[in-house]
Amino acid sequence: MGTGSGPSVGEVTPDEAWRILREEYAARLIDVRTRAEWGFVGVPDLEGTAHEAIFVEWARWPDMSVNPRFVAEVLDAVGEGNSGPFLFLCRSGARSLRAAAAVTDHLSKDGRSVLCLNVAEGFEGDLDARGHRGGLNGWKARGLAWRQS
């Protein structure tokens, strides 16, 4: 999926993200939702993998202003020289796409190529016919491991 004139960001389903996390040692899941979302909605449970989720807010509640230190916080959390892939997750896949593009663009400017993947559908997925999330698609609806934080 292209994000403009810069490097592209790939996209995977939640099931594909889970497989990558189970099979690739350097893979990292970066949950870019807000602290409120982590606390009230839940978080991915990566116990079945060799990883722990990384939690860095892309935007801060309540005004949803973009975190100016987002890229630096992500790179600090994943560790110097990590070859990825980096999987970005939000509620529905929109914020995580922008977050993945920001990291991809930054790394590209530094001459680094790390595969950044947006987790399509996100943690809660799309709205259903009744206007509710969490049952139509997404990490939770696909039955992937999660827990209340």
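Note that the structure is predicted; figures quoted are calculated from it, not measured.

With respect to the helices and strands, Glu57 occurs in the loop between β4 (54–55) and β5 (59–60). You can call Glu57 buried: its relative accessible area is 8%. At a separation of 2.9 Å, a polar atom in the side chain of Glu57 contacts the main-chain amide nitrogen of Arg35. Polar side-chain contacts of Glu57 include one of 3.0 Å to the side chain of Arg60. Filtering out sequence-adjacent residues up to four positions away, Glu57 remains in contact with Val32, Arg33, Thr34, Arg35, Trp38, Asn67 and Phe70.

Below, the discussion takes up the packing of aromatic side chains. In the structure shown here, the tally under the stated rule is four aromatic pairs. Geometrically, the ring pair formed by Trp18 and Trp139 is edge-to-face, given 6.0 Å between the ring centres and 80° between the ring planes. A residue pair is termed long-range when its members are at least 10 positions apart, and Trp18 in helix α1 (residues 14–23) and Trp139 in the loop between β8 (116–119) and β9 (146–147) qualify at 121 residues. For the pair Trp18 and Trp139, a shared accessibility class is recorded, and that class is buried. When the ring of Trp58 is compared with that of Phe70, the centres are 5.0 Å apart and the planes differ by 85°; the resulting orientation is edge-to-face. Of the two residues, Trp58 sits in the loop between β4 and β5 while Phe70 sits in helix α3 (residues 70–78), which places them twelve residues apart along the sequence. Each member of the pair, Trp58 as well as Phe70, is classed as buried.

The rules behind the values
- Residues numbered from 1 in each chain as written.
- Predicted model: local features only at pLDDT ≥ 70, side-chain atom pairs only at ≥ 80, totals over all residues.
- Heavy atoms only, no water.
- Helix = DSSP H or I, 4+ residues; strand = E, 2+ residues; numbered from the N terminus.
- Buried < 20%, exposed > 50% of the residue type's maximum accessible area, 1.4 Å probe, protein only.
- Polar contact = N/O pair within 3.5 Å; in protein donor to acceptor, adjacent residues only side chain to side chain.
- Contact = heavy atoms within 4.5 Å.
- Phe/Tyr/Trp six-rings, centres within 6.5 Å; stacked < 30°, edge-to-face > 60°.

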